[in-house]
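Structural description and commentary
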Amino acid sequence: MANSDQKQFFLADSLKAIAVSIFSVVTVSTLLGLLMFSVIKEHEEARADDILANVRMVFKDAESALDYLNAHPYYSCSEDNLNEMRRTLFRSRFVKEIGFFGDGKLLCSTYLGLLKHPIDEATPDFITGVGDAFWINTPLELFDNQSKGTIAKRGRYNAVLDMEGVIGLNFNQDWALFYKGDKLFQIAGNASLMPHVAQLDDGSLTTNYLSLNLIECDKYYASTCLSVVSDKGRIFNIHKGKLVLFICVMLMTAALSHMLTFNYLRKRRSLESRISRGLKSGKFYCLYQPFVILKSGNVVGCEVLSRFEDEFGPIYPDEFIPQVKELNKTWEFTSVMIESAMKSLNENEDIPEGFKVSFNLFPSDFMQDELLDLDWALKMNTKNFKLVLEITEDEQLATGSAVKHIKALKSRGFWMAIDDFGVGYSNLSQLKSLKCEFLKIDRSFVMDMEDHSIRSSLIPHIVSIADELKVTLIAEGVENADQCRELVEMNVEYGQGWLFGKPQSVESLAQTIKLLS
């Protein structure tokens, strides 16, 4: 792959990795954000429940005290009544003062005793469904009207409630406690946070799930409700540790997703990965180079050559052949090529019957028993092609199993050819034992013929060897008429090279056959 292509792919991988990182961060941020929001909302709801629980304790304490006193038959401010009122006040946790009423006037209280001048009962701020009257933030007679508090009245008695000691009554809270009756009436908290009357009109006091603004009503005192508009600063101070962790997770997600994505893309672009995928997804394809009778120029056969191209571009044979060996996928590769070529050649009507079709095999393939299963190729051979298996000279061919497999294939009708003869492992006795039909003279001998080099002078000796072995010679790399003429004069029968045709598609091969026949 060229440096410019590598730079482009490197940039593309980086951009893709960045895009995946952004997507990962957004996705994880959304999920963690929802989780964090859920935790914060649950915390805020628990806080609202705690406030309502405290209010419930105050109301229940007052309710218990007033019910106890109303159960006694006291209808005047007698000493017994005052003593009972004081004992009840002593037992109460959240009641600060108890008063007794008669004829609509406050007649006495636990702190002031019997009043010289009874006090008229003021109009209550609201009356609950069970008839309890409430005065909210009203001046207290106990402190000479210098202090205010919440007063609840039931029957003949009222009670000053210690709301401030339990939940506070200042206006800095981020909540508002209110009574929900015919209208909304604030009991405590920040009046500006009271819900709108419209919410009461449509019968709904619910809030959006994705909001930290809460409205909750007490389970026991259903008309007593709390509106919370959570303070952002308070929430930040409580959960800032989680926020720091959240940011760390985002940074780790970005870095990890970028690294994994980039490495995955690089690995996917690697030679090993591309070839492994290519074998399964049909990225390898066949080209066909014709070989001819040198004297007549008639095309009598072709060599099947493998090529590779995927979305990243081509990989050339000098790169993918060693990698196929390293991956130990030589037989898988060979099977794919044979099957693809046989299908294409059989389907093309212009490829004649009896055509010689030559396939390259790895020497290591001849060591495998799978080689004996090539009968499927014979079944595909509907045009009775002469199937030639080419093998490069290699010392592995000297093994007993290789010789046995070659003989078995020959007995089934396959022909054998030694490829690149003259530059590999040469052993005359081995060649005799293999009994091949063809020897292919390596192109380096033919290319040196014009220079009359020492290498080209060996061609006559190769011809002699072929005569002795009674095999047919095919000269590779024939590129001009002079080379062709000299080879004919040396009694070389077949030739293959650019003079007769480059590696080409099966359609182009069919046209070449017509032109040269």
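Right, let's walk through the structure included here.

What counts, and where the lines are drawn
- Sequence order as written defines the numbering, with residues in each chain counted from 1.
- Totals for whole chains, interfaces and linings use all residues, but because this is a predicted model, local features are given only for residues with pLDDT of at least 70 and pairs of side-chain atoms are given and counted only at 80 or more.
- Excluded from the side-chain calculation are hydrogens and water; included are all heavy atoms of the structure.
- Only DSSP runs of H or I reaching four residues or more are called helices, and only runs of E reaching two or more are called strands; each is numbered from the N terminus.
- Accessible area is worked out with a 1.4 Å probe on protein chains only. A residue is then buried under 20% of its type maximum, exposed over 50%, and partly exposed in between.
- Note on contacts: a residue pair qualifies if any of its non-hydrogen atoms lie within 4.5 Å across the two residues.
- For accessible areas, the Shrake-Rupley method is used with a probe of radius 1.4 Å. Any residue's cover is judged against the shown protein chains and nothing else.
- In this analysis, strands are considered paired if DSSP registers two or more bridges between them.
- For every element, the axis is a line fit to its C-alpha atoms; helices are fit only across the contacting stretch, and the angle between N-to-C directions ranges from 0 to 180 degrees.
- The disulfide definition used here is simple: a pair of cysteine sulfur atoms within 2.5 Å.
- One speaks of a salt bridge when a side-chain nitrogen belonging to Lys or Arg is within 4 Å of a carboxyl oxygen belonging to Asp or Glu.
- To pair, rings of Phe, Tyr and Trp, with the six-membered ring standing in for Trp, must have centres within 6.5 Å; the planes then decide the type, stacked if under 30 degrees apart, edge-to-face if over 60, and tilted in the middle.
- Working note: the arc is built from the helix axis to C-beta atom directions.
- We call two directions roughly parallel when the angle between them is under 35 degrees, roughly antiparallel when it is over 145, roughly perpendicular when it lies between 65 and 115, and oblique otherwise.
- Each residue is assigned to one class: nonpolar for Ala, Val, Leu, Ile, Met, Phe, Trp, Tyr, Cys and Pro, charged for Asp, Glu, Lys and Arg, and polar for all the others, Gly among them.
- Within this scheme the basic residues Lys and Arg register as positive and the acidic residues Asp and Glu register as negative, but His and the chain ends are omitted.

Looking only at helices and strands, one finds 15 helices and 20 strands in the protein chain. Put simply, the protein chain has 517 residues, and 45% of those count as buried. Pairs at least 24 apart in sequence give 63% of the contacts found in the protein chain among residues at least 6 apart. With an accessible surface of roughly 26,800 Å², the protein chain has 55% of that area assigned to carbon and sulfur atoms.

Right, let's get into the sheet that holds strand 8 (residues 175–180). Strand order in this open sheet of four strands is 9-8-11-10, and the pairing throughout is antiparallel. Whereas interior strands pair on both sides, the edge strands pair on one side only; in this sheet they are strand 9 (184–189) and strand 10 (213–217). Strand-to-strand twist across the sheet, computed as the mean angle between neighbouring axes with direction ignored, equals 25 degrees. For strand 10 and strand 11 (residues 224–229), the ladder comprises five bridges, and the chain directions are antiparallel. Counted as the bridge partner of Ile-215 is Ser-227 from strand 11.

Strand order in the open sheet formed by seven strands is 3-2-1-7-6-5-4, and the pairing between neighbours is antiparallel. Each of the sheet's edge strands pairs with one partner strand only, and the pair in question is strand 3 (113–120) and strand 4 (126–127). As defined by bridge partners, strand 2 (residues 105–109) adjoins strand 3 across four bridges and the pair is classed as antiparallel. The residue of strand 3 that forms the bridge with Leu-106 is Ile-119. Taken strand by strand, helix 2 (residues 79–91) contacts strand 1 (95–102), strand 2, strand 3 and strand 7 (157–161), and its axis lies near 155 degrees from that of strand 1.

We now examine the state of the cysteines. Counted under the stated rule, the structure contains two disulfides. Residue Cys-77 pairs covalently with Cys-108 via a disulfide, S to S 2.0 Å. Handedness of the Cys-77-Cys-108 disulfide follows from its S-S torsion of about -90 degrees: it is left-handed. Taken together, the positions of Cys-77 in the loop between helix 1 (3–70) and helix 2 and Cys-108 in strand 2 put the pair 31 residues apart, joining distant regions of the chain.

The next point concerns the environment of Met-163. Within the element layout of this structure, Met-163 appears in helix 3 (residues 163–166). Each C-alpha atom of the pair Met-163 and Asn-54 lies 9.0 Å from the other, and the pair is 109 residues apart in sequence.

With the rule as written, the count across this model stands at 20 salt bridges. Of the charged contacts in the structure, one is a salt bridge between Asp-174 and Arg-47, with a shortest N-O distance of 2.7 Å. Linking Asp-174 in the loop between helix 3 and strand 8 with Arg-47 in helix 1, this pair joins segments that are 127 residues apart in sequence. For Asp-174, a relative accessible area of 7% translates into the label buried. The salt bridge partner of Asp-67 is Arg-154, with a shortest N-O separation of 2.8 Å. A residue pair is termed long-range when its members are at least 10 positions apart, and Asp-67 in helix 1 and Arg-154 in strand 6 (residues 148–154) qualify at 87 residues. Using a relative accessible area of 35% as the deciding quantity, one classes Asp-67 as partly exposed.

A full pass over the atoms with the stated rule returns 15 aromatic pairs. Their ring planes at 70 degrees and their centres at 6.0 Å tell us that Phe-333 and Phe-362 sit as a pair that is edge-to-face. Here the residue Phe-333 occupies a position in helix 8 (residues 330–347), and Phe-362 occupies one in the loop between strand 15 (356–361) and helix 9 (375–380), the gap between them amounting to 29 residues. The two residues Phe-333 and Phe-362 agree in class, both being buried. Judged by centre distance (6.2 Å) and plane angle (65 degrees), the ring pair of Phe-438 and Tyr-494 falls under edge-to-face. Residue Phe-438 is located in strand 18 (residues 438–441), and its partner Tyr-494 is located in strand 20 (residues 494–496); the two are separated by 56 residues in the primary sequence. Of the residues examined, Phe-438 reaches a relative accessible area of 4% and is grouped as buried.

Before going further, it helps to examine helix 13 (residues 459–469). Taken together, the buried positions of helix 13 are Ile-459, Ile-462, Val-463, Ala-466 and Leu-469. Projection of helix 13 onto a plane perpendicular to its axis shows the buried side chains occupying an angular sector of 130 degrees, all on one side. The outward face of helix 13, more than 90 degrees from its buried face, is lined by the exposed residues His-461 and Asp-467. Once helix 13 finishes, Lys-470 follows within two positions and takes phi at roughly 60 degrees, a positive value.

This part covers unusual backbone geometry. Backbone geometry at Asp-103 places phi at a positive 55 degrees, although glycine is not the residue there. Counting through the fold element by element, Asp-103 comes out in the loop between strand 1 and strand 2. Of note, Asn-328 is a non-glycine position whose phi angle comes to about 60 degrees, a positive value. With respect to the helices, strands and loops of the structure, Asn-328 is situated in the loop between helix 7 (317–326) and helix 8. Accessibility expressed as a relative area gives 65% for Asn-328, which makes it exposed.

In a packed pair of helices, the relevant descriptors are the angle between the two axes and the axis-to-axis distance. Between helix 6 (residues 271–281) and helix 7, the shortest axis-to-axis distance is 10 Å and the interhelical angle comes to 80 degrees. Taken as axis vectors, helix 6 and helix 7 run roughly perpendicular relative to one another. Judged by residue contacts, Leu-271, Glu-272 and Ile-275 of helix 6 engage Glu-319, Phe-320, Gln-323 and Val-324 from helix 7. Its residues placed into classes, the contact of helix 6 with helix 7 shows four nonpolar, one polar and two charged.

A few words now on the environment of Lys-105. Mapped onto the secondary structure, Lys-105 falls in strand 2. Lys-105 sits in the partly exposed class, given a relative accessible area of 31%. On a C-alpha basis, the gap between Lys-105 and Ile-119 in space is 5.2 Å, while along the polypeptide they are 14 residues apart. The residues touching Lys-105, leaving out its near neighbours within four places in the chain, are Phe-100, Pro-118, Ile-119, Asp-120 and Glu-121.

Let us look at the side chain of Glu-216. With respect to the secondary-structure elements, Glu-216 resides in strand 10. Although Glu-216 lies buried, it forms no salt bridge, and the closest oppositely charged side chain, Lys-41, sits 7.5 Å away as judged by the N-O distance. In this structure, Glu-216 is in contact with Glu-45, Ala-48, Asp-49, Leu-52, Thr-224, Cys-225 and Leu-226, ignoring residues within four places of it in sequence.

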